[in-house]
Amino acid sequence: MNTQTIEANLVEFLEQRTKSPVGTDVDLFAAGLVSSLFALELVTHLESTFGVEVSSDELKLDNFRTVDAMTALVTRLRGGGDA
């Protein structure tokens, strides 16, 4: 799964849940699209959809602030490649 596929999945998920358009570089928290409670749902989505485990060390706001940041997190957790 490449970064474009991960990014597209995240944008689709967020737009469905927030009922708002989401750019890949939009700060989801500053824009009021994501709350701390919804962030937990994001963690669950990343883990179940992309087969990764988000450790407590990775539970940093900056890893979930934007679609770009979450895409980078998933890529890193999957081993870093565009495979």
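Only a predicted model underlies this, so the values are computations on that prediction, with no experimental measurement involved. (Residues numbered from 1 in each chain as written. Predicted model: local features only at pLDDT ≥ 70, side-chain atom pairs only at ≥ 80, totals over all residues. Heavy atoms only, no water.)

**What to know about the overall build of the protein chain**
Secondary structure summary: the protein chain contains three helices and zero strands in total. Its helices and strands taken in sequence order, the protein chain reads α-α-α from the N to the C terminus. Expected size for 83 residues packed as a compact globule is a radius of gyration near 12 Å; at 12 Å, the protein chain falls within 12% of this value. Considering only C-alpha atoms, the protein chain reaches an extent of 30 × 25 × 20 Å along its principal axes. Put simply, the protein chain has 83 residues, and 36% of those count as buried. For the protein chain, the computed accessible surface area is about 4,700 Å², with 51% contributed by carbon and sulfur atoms. The protein chain carries 6 positive and 13 negative side-chain charges, and their two centres are separated by 3 Å. (Helix = DSSP H or I, 4+ residues; strand = E, 2+ residues; numbered from the N terminus. Rg over C-alpha atoms; globule rule 2.2 N^0.38 Å. Buried < 20%, exposed > 50% of the residue type's maximum accessible area, 1.4 Å probe, protein only. Areas by Shrake-Rupley, 256 points an atom, 1.4 Å probe, with all protein chains shown as cover. Lys, Arg positive; Asp, Glu negative; His and termini not counted. Charge placed at Lys NZ, Arg CZ, Asp CG, Glu CD.)

**Notes on the packing of helix α1 (residues 3-18) against helix α2 (residues 36-50)**
Where α1 contacts α2, the two axes come as close as 12 Å, and the packing angle between them is 140°. With respect to each other, α1 and α2 are oriented oblique. Handedness of the α1/α2 crossing: right-handed. Contacts between α1 and α2 pair Ile-6, Asn-9, Leu-10, Phe-13, Leu-14 and Arg-17 from the former with Phe-38, Glu-41, Leu-42, His-45, Leu-46, Thr-49 and Phe-50 from the latter. Split by residue class, the contact of α1 with α2 holds eight nonpolar, three polar and two charged. (Axes fitted to C-alpha atoms, helices over the stretch in contact; angles between N-to-C directions. Parallel < 35°, antiparallel > 145°, perpendicular 65-115°, else oblique. Left-handed = near helix turned anticlockwise from the far one by under 90°. Contact = heavy atoms within 4.5 Å. Nonpolar A, V, L, I, M, F, W, Y, C, P; charged D, E, K, R; others polar.)

**Here we look at α1**
Taking 1.5 Å of rise per residue, 16 residues should cover 22 Å, and α1 covers 22 Å from first to last C-alpha, within 8% of that figure. Turning to α1, its buried residues number three or more, namely Ile-6, Leu-10, Val-11, Phe-13, Leu-14 and Thr-18. Along α1, the residues classed as buried sweep out an arc of 165° about the axis, all on the same side. Elements in contact with the buried residues of α1: α2 and α3 (67-77). (Expected span 1.5 Å × (residues − 1). Arc of directions from axis to C-beta.)

**Some remarks on unusual backbone geometry**
Despite not being glycine, Lys-19 has its phi angle at roughly 60°, a positive value. Relative to the helices and strands, Lys-19 is located in the loop between α1 and α2.

**Focus: the packing of α1 against α3**
Between α1 and α3, the shortest axis-to-axis distance is 9 Å and the interhelical angle comes to 130°. The angle between α1 and α3 falls in the class oblique. Where α1 crosses over α3, the handedness of that crossing is right-handed. Counting all contacts with α1, which are made through Thr-3, Ile-6, Glu-7, Leu-10, Val-11 and Leu-14, the residues of α3 involved are Val-67, Asp-68, Met-70, Thr-71, Val-74 and Thr-75. Here the contact of α1 with α3 is composed, by residue class, of seven nonpolar, three polar and two charged.

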